[in-house]
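# Close look at the chain arrangement
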Amino acid sequence: MSIASILGYPRIGRSRELKRALEGYWSGRLSSEQLLADTAALKADRWRQQQAAGIQHIPSNDFSLYDHVLDTALTVGAVPARFGWSGAAPELDLMFAMARGSKGEVEVAPLDMTKWFDTNYHYLVPELAADQSFTLASRKPIDEFLEAKALGITTRPVLLGPVTFLRLSKGPAQGGSTLGFLDRLLPVYAELLSELRQAGATWVQIDEPCLSQDVPVEVLEALEHAYQKLGQAAPGLNLLLASYFAGMGGNLATALALPVDAVHLDLVRGASDLDPALQLVPEGMALSLGVVDGHNVWRTDPDQALGQIQRAVAKLGEDRVLVAPSCSLLHVPVSLEAETGLDQELRSWLAFAEEKVAEVCCLARAGHGSPEVEARLAESREACADRRNSPRVTNPAVRARMARVTPDQFARPGDGPGRRLIWRKGVSLSPLPTTTIGSFPQVPELRQARAKLRRGELDQSHYEQLMKAEIRRVVRFQEEIGLDVLVHGEPERNDMVEYFAEQLDGFATTQQGWVQSYGSRCAKPPIVFGDVSRPHPMTVLWAVFAQSLTARPVKGMLTGPVTILQWSFVRDDLERSQTCAQIAMALRDEVADLEAAGINVIQIDEPALREGLPLHRTEQPAYLRWAVDSFRLTAAGAGAHTQIHTHMCYSEFEDIMGAIAELDADVLYIEAARSGMSLLQAFADHGYTNEVGPGVYDIHSPLVPSVEEMVARLRKAASVIPLDQLWANPDCGLKTRGWAEVEPSLRNLVSAARQVAAELTAVSPASS
């Protein structure tokens, strides 16, 4: 039999036990001892489940209380000076301060946060000083190996590789490649590997997903240098080098020439790597075949996977072939067991983490005469055939409508500056307009009301009364503090994607399909299983009601087509571009209905636009073309008198500024507080002429920003963006924050905007 292996497993638990434990600790309801006891039980349960299923290479150190990149920074002692670290073993409060910021006599800002490659998982960006030194500060990888060993389970510890760690890190202000720190870092990795070997580890997995990107020669040279050193660090310890999220392509030869004992291939997104790998693999090296999709929820086609496995076994023999998911199962929900609301046919098409573990074990054992294995393979073949042939996946009316789309449907009237003049004639705005991104705090009463509605314990009329009462509260608060453009607060929405998925044909939603986004924050991605259409308006009722309460403009709030696509589990039997266009056409109908109802500001959020960018440059232009077209297809139904706003988060905009300009959104909100407004220079360099709202405070931290902090950020923004193009707003929606944080933060935001506007208009009155 081949070796059954996985690269990582969901951390959150079947019922989000990790979320409850973390939030209990942060609120003071749980002691540190209880937090660690609860999470130790969660880890033990994960290991035992994998062992019982038949996984032979069970990962450890894939669990994290917040983020594995942050864990790595703590392990190697990369703690910025502002956190006052003494050099002792890092404690919980230090970790959470780096993740969330800390309060005290002086508030300390957290590390920046950004997206993990092309996923919706957020990681904390390590910061390296010019005089950075490294030390084995945390023994977490060793401790977790020993935890599992005490249970009778020998695991394969997982480490984030040194080259990828440095590439993900932020270097000192004066610049220079972070790879310059490699020789300082490698002794710590060597020490860690040696200690793992002494603890009894026989295999260690080192993740270098930078190999899935187009990287310069210096990165490949750094990998060669690093693994020559690490290969000698712990004689007798086997190293598995793992890359994922795309094929390695031109980096494959370098990976297979490294002095490691196995290399992992993502054969879901990089199937073309298999044949060259089989030609290049050195004698004695094993290949880990990522044949089960770790990034999506569809059941594996067993014949396709077995074909790849059998080709490798024919060349290498079974003992040199590991069967695995394409990447860590962190990115899929834990178990299908709770999904009793899904109909049996659709459910039979799916596999979550537990089911994918079973698939891996089944594929690894195939061909050895086991009746149980053959029965499971037959069941999978039947389910895959049923999905291919089901009439539920194709809607002829949707296909016909998409075939009738014409080029003029992608163009808005006029240009951004011209539309700005038309729109501003009808509204009264401050010189530096203020707004929020959309959502307001989701207090427990709102969540309880939605749950009661689902269970039939609350009728629709009473539910709407409760939602309208909350909208009144939010609108009155915004008017009272002086915001210029208001929102209704989205009390009726469970999630910015799931809310729309529940109302669109072609989507299914789950009961417990949670996936970690960052820390304790989880999302429940919907599933696109068929062609998409909109049977009825989705947001008009709430937007119109909110607008009836105020003379100030209220934004209609939509999630954009690319983000709905990117933050869903998307069908794999149709090009993503075609699914995205279908979603765009459904949203275009919503834009038309909002405008017809008198809503003249419509925000179409696309926080995932940059996230969806393929890792290989050759694939990026095609993606950006259809992504931009999808946004424009959504927005272009609006007239010149309607402003289209959008929001993007945690994006490195420099390499996609052309695409951002092509969106032709009248106002673009971006997350900028954690990065100190550094993103704005790209807009100035590009000559961006539409309006920009840089986030002036970080909503992902519980800290309340002062007026002075936001004034400083707005001054910096105004030094780059002209006042007549500048807005002031939070970084993101306020759903996850409490009113005790939101109220003072927004009051401070309005005060800061007024102060900066007064300064700027006093200097240059014409600019107002």
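Residues numbered from 1 in each chain as written. Predicted model: local features only at pLDDT ≥ 70, side-chain atom pairs only at ≥ 80, totals over all residues. Heavy atoms only, no water.

### With respect to the overall build of the protein chain
Assigned secondary structure in the protein chain consists of 27 helices and 19 strands. For the protein chain, the C-alpha radius of gyration of 26 Å lies close to 27 Å, the compact-globule estimate for 768 residues. With the C-alpha coordinates aligned to their principal axes, the bounding extent of the protein chain is approximately 75 × 60 × 50 Å. Within the span of the protein chain, comprising 768 residues, buried residues form 61% of the whole. Long-range contacts, defined as pairs at least 24 residues apart, comprise 78% of the intrachain contacts of the protein chain with a sequence gap of at least 6. One way to put it: in the protein chain the 73 positive side-chain charges average out to a point 3 Å from where the 96 negative ones average out. (Helix = DSSP H or I, 4+ residues; strand = E, 2+ residues; numbered from the N terminus. Rg over C-alpha atoms; globule rule 2.2 N^0.38 Å. Buried < 20%, exposed > 50% of the residue type's maximum accessible area, 1.4 Å probe, protein only. Contact = heavy atoms within 4.5 Å. Lys, Arg positive; Asp, Glu negative; His and termini not counted. Charge placed at Lys NZ, Arg CZ, Asp CG, Glu CD.)

### Some thoughts on the pairing of strand 14 (residues 527-533)
With 7 of 7 residues buried, strand 14 is to be regarded as a mostly interior element. With 3 bridges connecting them, strand 11 (residues 505-508) and strand 14 associate as antiparallel partners. Pairing of D505 across the sheet is with S533, part of strand 14. (Pairing = 2+ DSSP bridges.)

### Description of the packing of helix 22 (residues 576-596) against helix 23 (residues 620-635)
At their nearest, the axes of helix 22 and helix 23 sit 7 Å apart, and the two run at 20° to each other. Put simply, helix 22 runs roughly parallel to helix 23. Our pair here, helix 22 against helix 23, has a crossing hand that is right-handed. Residues R576, S577, C580, A581, A584, M585, L587, R588 and V591 of helix 22 form the contact with helix 23, whose own contacting residues are W626, S630, R632, L633 and T634. (Axes fitted to C-alpha atoms, helices over the stretch in contact; angles between N-to-C directions. Parallel < 35°, antiparallel > 145°, perpendicular 65-115°, else oblique. Left-handed = near helix turned anticlockwise from the far one by under 90°.)

### So, the packing of helix 2 (residues 32-53) against helix 5 (residues 140-150)
Where helix 2 meets helix 5, the closest approach of the two axes is 10 Å, and the angle between their N-to-C directions is 60°. Between helix 2 and helix 5 lies a crossing whose hand is right-handed. Residues A40, K43 and W47 of helix 2 touch helix 5, and the partners they reach there are E144, E147 and A148. Partitioned by chemical class, the residues of the contact of helix 2 with helix 5 number 3 nonpolar, no polar and 3 charged. (Nonpolar A, V, L, I, M, F, W, Y, C, P; charged D, E, K, R; others polar.)

### What about the pattern of salt bridges?
Summed over all chains, the structure comprises 42 salt bridges. Of the charged contacts, one joins R747 and E480 as a salt bridge, the two residues approaching to 2.9 Å between their closest N and O atoms. Here the residue R747 occupies a position in helix 27 (residues 739-763), and E480 occupies one in helix 18 (residues 460-481), the gap between them amounting to 267 residues. Its relative accessible area of 32% is what places R747 among the partly exposed residues. Accessibility expressed as a relative area gives 51% for E480, which makes it exposed. Residues R571 and D531 are paired through a salt bridge, measuring 2.9 Å at the closest nitrogen-oxygen approach. In this pair, R571 sits in the loop between helix 21 (561-566) and helix 22 while D531 sits in strand 14, placing the two residues 40 residues apart along the sequence. On the accessibility criterion, R571 (3% relative accessible area) is buried. A relative accessible area of 4% means that D531 is categorised as buried. Connected through shared salt-bridge partners, R387, R399, D531, R571, D572 and D573 make up one network. (Salt bridge = Lys/Arg side-chain N within 4 Å of Asp/Glu carboxyl O.)

### Points about the packing of aromatic side chains
Under the definition given, this model contains 15 aromatic pairs. Here the aromatic rings of Y669 and W727 are separated by 6.5 Å at their centres, their planes lie at 85°, and the arrangement is edge-to-face. Here the residue Y669 occupies a position in strand 18 (residues 667-670), and W727 occupies one in the loop between helix 26 (707-718) and helix 27, the gap between them amounting to 58 residues. An aromatic cluster is defined as three or more aromatic residues linked by ring pairs; in this entry it consists of W116, F117, Y123, Y244 and F245. Over the ring of W514 we find R16; its NZ or CZ atom is 3.7 Å from the centre of that ring. The ring centre of W514 lies 5.3 Å from the NZ or CZ of K524, which sits over that ring. (Phe/Tyr/Trp six-rings, centres within 6.5 Å; stacked < 30°, edge-to-face > 60°. Lys NZ or Arg CZ within 6 Å of the ring centre and 35° of its normal.)

### Considering the environment of G438
Residue position: G438 is located in the loop between helix 16 (416-424) and helix 17 (444-455). For G438, a relative accessible area of 1% translates into the label buried. Each C-alpha atom of the pair G438 and E490 lies 7.0 Å from the other, and the pair is 52 residues apart in sequence. With residues near it in sequence (within four places) discarded, G438 still touches V487, G489, E490 and M557.

### Let's talk about the sheet that holds strand 7 (residues 238-242)
Taken in spatial order, the 8 strands line up as 1-10-9-8-7-6-5-2 in an open sheet, and their pairing is parallel. Because the sheet does not close on itself, it has two edges, and the strands there are strand 1 (3-4) and strand 2 (59-60).

### Some remarks on the environment of D207
Relative to the helices and strands, D207 resides in strand 6 (residues 203-207). The contact partners of D207, leaving out residues within four places of it in the chain, are V158, L159, L160, G161, T164, A242 and Y244.

### A closer look at the sheet that holds strand 19 (residues 691-694)
Here we have 5 strands laid out as an open sheet, ordered 15-16-17-18-19, and parallel in their pairing. Looking at which strands have only one partner, the edges of the open sheet turn out to be strand 15 (556-559) and strand 19. Taking the axes of each pair of neighbouring strands and ignoring which way they run, one obtains an average angle of 20° across the sheet.

### Let's talk about the nonpolar core
Here is a general trend for soluble globular proteins: nonpolar side chains tend to be buried in one another's company. The biggest cluster of nonpolar side chains holds 121 residues, and the ones touching the most others in it are W116, L193, L265, L287 and L289. Here this core takes 9 residues from helix 7 (residues 182-199), the largest share from any one element. Apart from residues no more than four positions distant in its own chain, L289 is found in contact with H264, L265, L267, L274, Q308, I309, A312, V321, L322, V323 and A324. Membership of the second largest hydrophobic core comes to 100 residues, among which are F545, C580, A586 and W626. (Core = buried A, V, L, I, M, F, W, Y, C linked by side-chain atoms within 4.5 Å.)

### Let's talk about the environment of V357
Mapped onto the elements of the fold, V357 is located in helix 13 (residues 353-365). What V357 contacts, discounting residues up to four positions off in sequence, is I6, Y9, A53, I55 and L329.

### Observations regarding the pairing of strand 7
Counting buried residues along strand 7, 4 of its 5 residues qualify, which places the element largely inside the surrounding structure. As judged from the 5 bridges shared by strand 6 and strand 7, these two strands associate in the parallel manner. The partner of I206 across the bridge, within strand 7, is L241. A crossover links strand 6 with its parallel partner strand 7, the connecting element being helix 8 (residues 217-230), and its sense is right-handed. (Right-handed = clockwise from strand over helix to strand, strands pointing away.)

### Here we look at the side chain of N251
Along the polypeptide, N251 turns up in the loop between strand 7 and helix 9 (252-257). Judged by relative accessible area, which is 7%, N251 ranks as buried. When neighbours within four sequence positions are excluded, N251 is seen to be in contact with C210, L211, Q213, V215 and L220.

### Some words on helix 13
End to end, helix 13 covers 19 Å across 13 residues, agreeing with the expected 18 Å (1.5 Å per residue, within 8%). Its buried side turned inward, helix 13 meets strand 1, helix 2, strand 9 (286-292), helix 11 (302-316), strand 10 (321-325) and helix 14 (371-389). Following helix 13 by one or two positions, G367 adopts a phi angle in the positive range, close to 85°. (Expected span 1.5 Å × (residues − 1).)

### So, helix 23
Between its terminal C-alpha atoms helix 23 stretches 22 Å, which fits the 22 Å expected from 16 residues at 1.5 Å a residue. Close packing links the buried residues of helix 23 with helix 21, helix 22, strand 16 (601-605), strand 17 (643-648) and helix 24 (657-663).

Remember that the coordinates give geometry; whether it matters functionally is a separate question.
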